Amino acid sequence: MTRAEIFENRREVGKKNCEQIRKNDGQMINAKNFLERPYYDGEKKYKFSTANYLRLMSSENIYYDPRWYKISDVEKNNWKLKADAKFEFLEEWQSEECLLAEFYNASQIEEVEKYSTENKNLEEVLEFLQNRGLLNFDEVISFRDAINAVKKYAENFVEDELTKILTVQMWTAESKLKTKIKKFLPTFSEGILTEIEKNPDRIFESANKAQAILKSLRREKILPTEKISGEEIFHDLKIIFHGSECEVKNEDGFNYQPESILKGVAAYKFLSMLKMSEKQKIWLEFFYHDYAHGKFLISENDFGLLQEETLTDFLKSRLDKNRQEILKNPLALKKYISPKIMVRTEDIFNQINLESENFQSAMKNFEQEEIRYLQSC
């Protein structure tokens with residue numbers, strides 16, 4: 001195909017993107033499946049162009065694997081395509097000529113190992129922007145704040161909204177944060193969609209600009225970190241709020257954003273506000289000094305515990321609940337440990353007992369700080 005023909009074909013892809021966005025409440029929904037920029041994984045590996053990125057975004061098929069191969073790779077490696085294997089037409093340029101070639105996703109090939117997704121935690125994602133001076137970390141910070149910071153960064157390069165949307169979309173999807181990314185993908189306004197339909201070249205031009213902005217972001221200089229004083233009350237308290245079924249409001253009536261990190265007094269206030277929240281499911285992580293409690297659920301049944309006089313009482317009951325259940329009833333261990341794990345039961349109980357003792361020790365310090373805090377209010 002000549003340049004003129006391929007660009008005419010791209011215009012159809014741009015219109016198809018608009019159709020899909022409208023069907024999905026203003027979002028380019030396929031973006032949530034690409035936690036990494038799709039790439040050719042054949043003999044000469046390379047990341048796909050933004051044109052091919054948009055072609056894949058417009059596909060009716062769903063792909064979670066970023067690796068792609070040509071039929072020649074399949075034949076060369078004596079691989080076998082799955083019975084329902086589908087291909088996508090993607091661009092291959094040779095000088096001024098372009099070919100729309102068949103590419104197969106790795107998930108469509110039987111012999112290719114399943115792709116292992118590299119997930120990042122919320123702190124890693126936020127620290128990337130903090131370290132480059134684009135995000136200030138006060139007592140409360142969220143993934144939404146990070147998205148807003150990326151959009152503000154894009155504003156240093158461009159004014160048009162479409163480029164800013166695509167910059168945010170690419171960064172959000174490729175942040176590799178393990179969460180429901182759909183909630184954070186940007187929305188394309190009706191006005192922007194109408195503009196793209198009138199001039200489909202725009203979305204390809206904006207995607208190129210967005211990719212250049214993200215490349216610049218990755219190259220931003222890392223700034224030296226500042227030391228933080230450890231004298232403040234609850235200095236070593238941290239909560240990661242992943243989300244909830246219903247809204248959780250702060251003392252000023254504003255909603256806590258899902259995927260937020262709260263530190264210090266702000267973290268304590270968040271836990272206090274849960275007492276006044278309606279009964280629902282809430283997902284958290286808890287950190288205090290050297291104690292770390294991974295992701296856990298506060299369910300409707302736990303709201304009775306929340307009415308304890310102090311948060312110390314609630315945390316003692318909720319966070320040590322499973323360990324105490326096992327220590328008091330050894331048979332309960334079966335529902336927590338896979339029978340495939342070959343570890344001596346005695347070793348498991350010793351580890352659980354040690355963890356419980358460390359937790360109780362941390363809670364003694366927490367209780368002292370809570371008393372100090374309540375007396376100062």
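The preceding data block contains the structure.
Now for a description of the structure that goes with this document. Predicted, not measured: the structure shown is a model, and the values here were computed from it.

**Some words on the sheet that holds strand E9 (residues 282-288)**
Step number 1: With respect to topology, five strands assemble into an open sheet ordered E6-E8-E7-E9-E10, the strand pairing being antiparallel. Every interior strand has two partners, whereas the edge strands, strand E6 (140-142) and strand E10 (291-298), have only one. Strand-to-strand twist of the sheet, defined as the mean angle between neighbouring strand axes without regard to direction, takes the value 15°.
Step number 2: Here strand E7 (residues 237-244) runs beside E9; their pairing, made up of seven bridges, is antiparallel. Bridge assignment links Ile240 to a residue of E9, and that residue is Glu285.

**Some remarks on a positive patch on the surface**
Step number 1: A cluster of basic residues, Lys178, Lys180, Lys183 and Lys295, forms a positive patch on the protein surface.
Step number 2: Given a relative accessible area of 45%, Lys183 falls into the partly exposed group.

**Description of the pattern of salt bridges**
Step number 1: Taken as a whole and assessed by the stated rule, the structure comprises 26 salt bridges.
Step number 2: The shortest N-O distance in the salt bridge between Glu174 and Arg37 comes to 3.9 Å. Of this pair, Glu174 sits in the loop between helix H6 (161-173) and helix H7 (190-198) while Arg37 is found in the loop between helix H1 (3-23) and strand E1 (39-40), placing the two residues 137 residues apart along the sequence.
Step number 3: Note that Lys238 is salt-bridged to Glu123, the shortest N-O span being 2.5 Å. With Lys238 in strand E7 and Glu123 in helix H4 (residues 122-130), this residue pair connects regions lying 115 residues apart in the sequence. Both residues of the pair, Lys238 and Glu123, count as buried.
Step number 4: Overlapping salt bridges bring together Lys151, Glu155, Glu161 and Lys164 as one network.

**Brief notes about helix H5 (residues 143-154)**
Step number 1: For H5, with 12 residues, the first-to-last C-alpha span of 17 Å sits near the 16 Å given by 1.5 Å per residue.
Step number 2: Of all the positions in H5, only Phe143, Ala146, Ile147, Ala149, Val150, Tyr153 and Ala154 are classed as buried. Buried positions in H5, seen along its axis, are confined to an arc of 160° and lie on one side of it.
Step number 3: Lining the buried residues of H5 we find H4, E6, H6 and helix H8 (201-218).

**Remarks on the packing of aromatic side chains**
Step number 1: Under the defined criterion, the tally for this structure stands at 22 aromatic pairs.
Step number 2: Relative to Tyr46, the ring of Tyr40 has its centre 5.2 Å away and its plane inclined at 40°; by these criteria the two rings are tilted.
Step number 3: Using a relative accessible area of 5% as the deciding quantity, one classes Tyr40 as buried.
Step number 4: For the pair Phe87 and Phe89, a centre-to-centre distance of 5.2 Å together with 75° between the ring planes defines the contact as edge-to-face.

Calculation rules
- Residues numbered from 1 in each chain as written.
- Predicted model: local features only at pLDDT ≥ 70, side-chain atom pairs only at ≥ 80, totals over all residues.
- Heavy atoms only, no water.
- Pairing = 2+ DSSP bridges.
- Helix = DSSP H or I, 4+ residues; strand = E, 2+ residues; numbered from the N terminus.
- Axes fitted to C-alpha atoms, helices over the stretch in contact; angles between N-to-C directions.
- Patch = residues over 30% accessible without salt bridge, like charges linked within 9 Å, V, L, I, M, F, W, Y side chains within 5 Å.
- Areas by Shrake-Rupley, 256 points an atom, 1.4 Å probe, with all protein chains shown as cover.
- Salt bridge = Lys/Arg side-chain N within 4 Å of Asp/Glu carboxyl O.
- Lys, Arg positive; Asp, Glu negative; His and termini not counted.
- Charge placed at Lys NZ, Arg CZ, Asp CG, Glu CD.
- Buried < 20%, exposed > 50% of the residue type's maximum accessible area, 1.4 Å probe, protein only.
- Expected span 1.5 Å × (residues − 1).
- Arc of directions from axis to C-beta.
- Contact = heavy atoms within 4.5 Å.
- Phe/Tyr/Trp six-rings, centres within 6.5 Å; stacked < 30°, edge-to-face > 60°.

By themselves, these are just geometric observations and shouldn't be taken as functional.
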